Amino acid sequence: MTRQANPSPLAQALRAQTGRFTDKAFDWDAFPSNSGFPELARAQMRYIGSGGSPKTGDTTTLRPEHFTLSLIYKEPGRFAACHSHEIEESFLVISGTLVVGWERDGEVVEVKLGPKDMILNAREIGHGFRVDGVEPVLMSISVDVGKPLPPVYHYHPREHDTELARRFGAEPGKTLPFDRAGAHPLQQLMSQYVVRHHEQPTIWEKAGFSRKVYVGEGGLSHDTCRKEMWGVPSRVGIAPFVRPVEDAIMVLEGSLIVGWEESGEVAEVELGPRDLVQTPAGRKHWFRNDSHQPATVWTVIGTSGDDGVTYWAE
């Protein structure tokens, strides 16, 4: 492969908006509230913004606008203390099995999420997560605002018994399973925020790729950011399009080429698993799968509404 000795300004800008998994490192000290509590240990890899971490000076992190995006790694037996935010926060499981609990008035509803399942944690609802399985969990967390406020902790082991904190604040006998047909108000509320990958309809675009809408029209109805899982078959390419807001494309499986265009100039970058490109509002861009295998892509878009984009084949 021939490398361009002096990349154009557009190519440099595209590289600057690319987050490479191999260029980053997991930060085990991203959350000071976990310090001194090994049962809370987790690592964060920041792509866009700092998420719930106060580490806003990370120069390898892309500037957030309408959302943040990071990866979280958590080992078996560990948990995250029950807390809440002023804005929605999504957990997308990439590998492993995650237990997420929502708490209200000392009662908790727990849901188990597998790969490609997602929960959108509601505003001001206490929530935590735990790894009960035998394998670690890798997940993507996206907070639907560029600069979220610090989390408010409800049941942290600093102030509460560790086992109570592990149960997200539920006294014995006060934990209910997730049930879409459940009668408890917290079960009914959570049922509006859980997305099972296998339950979401597959939308085949005429351009030749598939979409499963997690948040937005066809998925969970909320007023912040749209989130979709795309399947891009081998040799499928999409013609250039422009959004009025930013979007982020993260490859989960396979590989994908993302291109930008400006004034007739073209720049492209190839993404592998856990690589990401953040494209700013107003930038003409496209994607293409030149590989022999399909690509699975997680996409976050800075509006939940219709952005006027229609996808056409390359």
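Refer to the structure presented above.
Quick caveat, the model's predicted, so the values are computed rather than measured.

Conventions and cut-offs
- Residues numbered from 1 in each chain as written.
- Predicted model: local features only at pLDDT ≥ 70, side-chain atom pairs only at ≥ 80, totals over all residues.
- Heavy atoms only, no water.
- Helix = DSSP H or I, 4+ residues; strand = E, 2+ residues; numbered from the N terminus.
- Rg over C-alpha atoms; globule rule 2.2 N^0.38 Å.
- Buried < 20%, exposed > 50% of the residue type's maximum accessible area, 1.4 Å probe, protein only.
- Contact = heavy atoms within 4.5 Å.
- Pairing = 2+ DSSP bridges.
- Axes fitted to C-alpha atoms, helices over the stretch in contact; angles between N-to-C directions.

Caption draft 1: Seen up close, the overall build of the protein. Along the backbone of the protein there are 3 helices and 22 strands. Relative to the compact-globule value of 20 Å for 314 residues, the protein shows a C-alpha radius of gyration of 20 Å, a close match. Overall size of the protein, expressed as C-alpha extent along the three principal axes, is 65 × 40 × 35 Å. Counting over 314 residues, the protein shows a buried share of 57%. Partitioning the intrachain contacts of the protein with sequence separation of at least 6 by distance along the chain shows that 73% fall at a separation of at least 24.

Caption draft 2: Structural view of the sheet that holds strand S6 (residues 98–104). If you trace the 6 strands from one edge of the open sheet to the other, you get S11-S4-S9-S6-S7-S12, paired in mixed fashion. Two strands bound the open sheet, and with one partner strand each, they are strand S11 (152–155) and strand S12 (175–177). Between one strand axis and the next, the sheet turns by 30° as a mean value, whatever way the strands run. Bridge count for strand S7 (residues 107–113) against S12 is 3 bridges, and the pairing is parallel. Of the residues in S12, the one forming a bridge with Glu-110 is Pro-177.

Caption draft 3: Broad picture of the sheet that holds strand S8 (residues 118–121). Taken in spatial order, the 6 strands line up as S2-S3-S10-S5-S8-S13 in an open sheet, and their pairing is antiparallel. Either end of the sheet is taken by a strand with one partner, and the two such strands are strand S2 (43–48) and strand S13 (194–195). By the bridge criterion, 4 bridges tie strand S5 (residues 89–95) to S8 in an arrangement that is antiparallel. Bridging from a neighbouring strand, Leu-92 pairs with Met-118 of S8.

Caption draft 4: Structural context of unusual backbone geometry. A positive phi is found at Glu-124, a non-glycine position, where the angle reads about 65°. Here Glu-124 lies in the loop between S8 and strand S9 (126–130). Although it is not a glycine, Arg-274 adopts a positive phi angle of roughly 70°. With respect to the helices, strands and loops of the structure, Arg-274 is situated in the loop between strand S19 (265–271) and strand S20 (276–279).

Caption draft 5: Main features of the environment of Pro-280. Following the sequence through the fold, Pro-280 ends up in the loop between S20 and strand S21 (284–288). For Pro-280, the contacting residues outside a window of four places in its chain are Glu-246 and Trp-260.

Caption draft 6: The pairing of S19, seen in detail. Bridge analysis of strand S18 (residues 256–262) against S19 gives 7 bridges, and the strand direction is antiparallel. Each residue of the ladder has a partner; that of Val-258, found in S19, is Val-269. The antiparallel hairpin formed by S18 and S19 contains 2 residues in its connecting segment, where Ser-263 sits at a positive phi of about 50°.

Caption draft 7: Local environment of the environment of Ala-165. Structurally, the position occupied by Ala-165 is in helix H2 (residues 162–166). Ala-165 sits in the buried class, given a relative accessible area of 0%. Through-space distance from the C-alpha of Ala-165 to that of Ser-291 is 46 Å; in sequence the pair is 126 residues apart. Here Ala-165 is in contact with Phe-79, Tyr-155, His-156 and Pro-157, once residues within four sequence places are set aside.

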